[in-house]
Amino acid sequence: MTQTMTHTMTQTPTHRPKDIAVDRTAGEVRITWADGHVSAYSLRWLRANCPCASCREERREAVLRTESLSLSALPPPSAEIAGAELAGNYAVRFEWADGHASGIYTFAALRACCPCEQCNPNGPPPLLDD
Ligand SMILES: [Zn+2]
Ligand SMILES: [Zn+2]
């Protein structure tokens, strides 16, 4: 019954989740951290902050595009989650209903963006690009 885990990352235990729960009904992902803190991220926010290279590029272009509404006919990206899996021991990868699954959300960045009153009273900052 003993499982050996190798910990090569040098991160504080605070940034380790004890539990990750996807609540499709509430439309959120709840992470319970090693220190007992619970963060609830809305799926919409997670998708809007997808840290993959192509989404980051899209967001940059969207900022430049705000002046002209000619290209706003594109449907918004899906905020419906299809699955979640751990990426190594430092991140989680979400797969969305439209098949997009290249965003790796590091625990450190997620914890920094915890949307609760205590962590970010003015609302969560954008997910950090690494
Ligand atoms: Zn993406
Ligand atoms: Zn918090």
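Now for a look at the structure at hand. (Residues numbered from 1 in each chain as written. Chains lettered and ligands numbered in written order. Predicted model: local features only at pLDDT ≥ 70, side-chain atom pairs only at ≥ 80, totals over all residues.)

**Examining the environment of R16**
Phase 1: Within the element layout of this structure, R16 appears in the segment before β1 (17-23).
Phase 2: For R16, the contacting residues outside a window of four places in its chain are W33, A34 and F107. (Helix = DSSP H or I, 4+ residues; strand = E, 2+ residues; numbered from the N terminus. Contact = placed C-beta atoms within 7 Å.)

**Thoughts on the pairing of strand β5 (residues 91-96)**
Phase 1: Relative to β5, strand β4 (residues 81-87) runs antiparallel, the two sharing six bridges. Bridge pairing links A87 to A91 in β5.
Phase 2: Counting the residues that bridge the hairpin from β4 to β5 gives three residues, and of these G88 lies at a positive phi of roughly 60°.
Phase 3: Judged from the three bridges that link them, β5 and strand β6 (residues 104-106) form a sheet pairing that is antiparallel. (Pairing = 2+ DSSP bridges.)

**Side note on the environment of A82**
Phase 1: Within the fold, A82 resides in strand β4.
Phase 2: What makes A82 partly exposed here is the crowd of 14 C-beta atoms within 10 Å. (Buried ≥ 20, exposed ≤ 12 C-beta atoms within 10 Å, placed from the backbone.)

**As for the sheet that holds β4**
Phase 1: Strand order in this open sheet of three strands is β4-β5-β6, and the pairing throughout is antiparallel. For this open sheet the edge positions go to β4 and β6, each flanked by a neighbour on one side alone. Put simply, the sheet's adjacent strands are angled 30° from each other on average, direction ignored. (Axes fitted to C-alpha atoms, helices over the stretch in contact; angles between N-to-C directions.)

**Comments concerning the nonpolar core**
Phase 1: Counting twelve residues, the largest nonpolar core is built from V29, I31, Y41, L43, L46, V92, F94, Y105, F107, L110, C113 and L127.
Phase 2: Counting residues per element, the ones that place at least two in this core are β2 (28-33), α1 (43-48), β5 and α3 (107-112).
Phase 3: V92 has contacts with I20, A84, L86, A87 and Y105, leaving out every residue within four places of it along the chain. (Core = buried A, V, L, I, M, F, W, Y, C linked by C-beta atoms within 7 Å.)

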